[in-house]
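# Analysis of the macromolecular model
Here is what each chain is made of, one letter per residue.
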Amino acid sequence: MGRAAIAVAVAGAAVLAGCTVQAPDGDGKRRSPVRIELPGDTPSPDRTPDDDGAGEPSTAHSPPGDDKPSAAPAPPRVLWSRGDTGRDVRELQARLRQVAWLFDGPTGTYDESTQRAVSGFQGKRGLPRTGRTDTVTWQRLLRMTREPGTWDLYLMGGQPADPPDPRCTTGRVLCIDKTSRTLRWIIDGRTVSTMAVRFGSKGTPTREGVFSVYWKSRDHVSTLYDSPMPYAMFFSGGQAVHYSPDFAARGYAGASHGCVNVRDEGAIAELYGQVRDGDKVVVSW
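Residues numbered from 1 in each chain as written. Predicted model: local features only at pLDDT ≥ 70, side-chain atom pairs only at ≥ 80, totals over all residues. Heavy atoms only, no water.

### Regarding the pairing of strand β3 (residues 172-177)
A regular strand places its side chains on the two faces of the sheet in alternate fashion. Put simply, the test is: Exposure categories follow from relative accessible area, calculated using a 1.4 Å probe and restricted to protein chains: below 20% of the type maximum is buried, above 50% is exposed, and the middle band is partly exposed. Only DSSP runs of H or I reaching four residues or more are called helices, and only runs of E reaching two or more are called strands; each is numbered from the N terminus. Two strands are said to pair when DSSP picks up at least two bridges between them.
Summarising burial for β3: five of the six residues are buried, a large majority. One ladder, built from six bridges, connects β3 with strand β4 (residues 182-187); its direction is antiparallel. Residue pairing in the sheet places Arg172 in a bridge with Ile187 of β4. The antiparallel hairpin formed by β3 and β4 contains four residues in its connecting segment, where Arg181 sits at a positive phi of about 55 degrees. Taken together, the five bridges between β3 and strand β11 (residues 280-284) define a ladder with parallel strand orientation. Residue pairing for β11: Leu174 is matched across the bridge by Val281.

Okay, structure coming up:
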């Protein structure tokens, strides 16, 4: 058998055996070994299924996308929190009163009691108890309540006064406006003080017109209703401007028997000290 034929036979046997041989070159010298693998055999240690034949990992079958964790959703936007003021805060407080989470006000100031009420409302409904009114809390409250009216917003006073009646522009006048439910103390056209007031019910209305203070009684008690009327300033029969603890407690949820009630005791105490017998009283719509 010739030398070339022997070499071919040896190589064939090596293929069948799955081994490695060194084939001599034509000059009879041996070269680097030739690695031969049978089909279905285990890949060599220096070759992985991810190799592309060039010694670098293949990306042809790599899963797409970023392996970084997805960002957490942004928290809901805060609309109002402690220290905020304004009409929107009044509406928030009025709605919290409707669901019995707030019993004072509305005041228009986001105070500690409002913060506690919001926190309680949130906790009851499985929301984070932040005490701040965010968009999620507000939408939940809107679904549970009705649109508050003017006197829901100003249940305990604080409403702005309308322009004074023209009859109040001269002299010393208790200028009382049933529309805005306010009393202005005016001297020579200048407003000295303004306060919220409450009037009589439909059955016992407060009389309208121009009157004058004819009697003052610091610690008066009504003989007709047996109720206290501190700082009373009588202007028409038994009707007077006076402090009302019921107005202070319940706001416009109640009414007087015809008198003009004031809920701010400090304000009416100061007013009582300034008003004189004979000063004008104007009650108008």
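### Points about the nonpolar core
Let me state the cut-off plainly: Buried Ala, Val, Leu, Ile, Met, Phe, Trp, Tyr and Cys residues form a nonpolar core when they are joined through side-chain atoms within 4.5 Å. The contact rule is simple, with two residues in contact once any of their heavy atoms fall within 4.5 Å.
One finds Leu174, Ile176, Leu183, Met233, Val241, Leu271 and Val281 to be the most contacted residues of the largest nonpolar core, which totals 23 residues. In terms of residues, this core owes the most to one element, helix α7 (residues 265-274), which gives four residues. Look past the residues within four positions of Ile176 in its chain and what remains in contact with it is Thr182, Leu183, Val197, Phe199, Val241, Val260, Val281, Val282, Val283 and Ser284. Counting residues in each nonpolar core, the second largest holds twelve residues, with Trp80, Leu102, Trp138 and Leu141 among its members.

### Concerning the environment of Leu102
Position of Leu102 relative to the elements: it lies in the loop between α2 (87-98) and α3 (112-124). Here the alpha-carbon distance between Leu102 and Gln115, two residues 13 residues apart in the chain, equals 9.8 Å. Not counting residues within four places of it along the chain, the set of residues in contact with Leu102 comprises Gln93, Leu96, Arg97, Ser113, Thr114 and Ala117.

### Some words on the sheet that holds strand β9 (residues 239-243)
Stated precisely, the cut-off is as follows: Angles here are taken between N-to-C directions and fall from 0 to 180 degrees, while the axes themselves are lines fitted to C-alpha atoms, restricted in helices to the stretch in contact.
The nine strands are arranged β6-β11-β3-β4-β5-β10-β9-β8-β7 in an open sheet whose pairing can be described as mixed. Of all strands in the sheet, those bounded by a partner on one side alone are β6 (209-212) and β7 (215-221). For this sheet, the mean angle separating the axes of adjacent strands, direction not counted, is 30 degrees. Pairing between β9 and strand β10 (residues 260-262): three bridges, direction parallel. Its bridge partner being in β10, His242 is matched across the sheet by Asn261. With respect to the sheet, α7 is in contact with β3, β4, β5 (190-198), β7, β8 (228-236), β9 and β10, its orientation differing from that of β8 by roughly 45 degrees.

### Some words on α3
For the record, the criterion: Here the expected span of a helix is defined as 1.5 Å times the quantity of residues minus one.
Under the 1.5 Å per step criterion, the end-to-end length of α3 is 18 Å for 13 residues, consistent within 8% with the ideal 18 Å. Inspection of α3 places Ser113, Thr114, Ala117, Val118, Ser119, Gly120, Phe121 and Gln122 among the buried residues, and these make up the whole buried set. Structurally, α3 contributes buried residues whose contacts are with α2, β2 (133-134) and α4 (135-144). Looking one or two places after α3, you find Gly126, whose phi comes out positive at around 75 degrees.

### A closer look at the packing of α2 against α3
Note the following rule: By the definition adopted for this analysis, an angle is roughly parallel if under 35 degrees, roughly antiparallel if over 145, roughly perpendicular if from 65 to 115, and oblique otherwise. Take the far helix as your reference; a near helix turned counterclockwise from it by less than a right angle gives a left-handed crossing, and one turned clockwise gives a right-handed crossing. Three residue categories are used. Nonpolar comprises Ala, Val, Leu, Ile, Met, Phe, Trp, Tyr, Cys and Pro, charged comprises Asp, Glu, Lys and Arg, and polar comprises the others, including Gly.
Where α2 meets α3, the closest approach of the two axes is 11 Å, and the angle between their N-to-C directions is 55 degrees. What the angle tells us is that α2 and α3 run oblique. When the axes of α2 and α3 are compared, the crossing they make is left-handed. Touching Leu92, Gln93 and Leu96 of α2 are Thr114, Ala117, Val118 and Phe121, all from α3. Residues that form the contact of α2 with α3 fall into these classes: five nonpolar, two polar and no charged.

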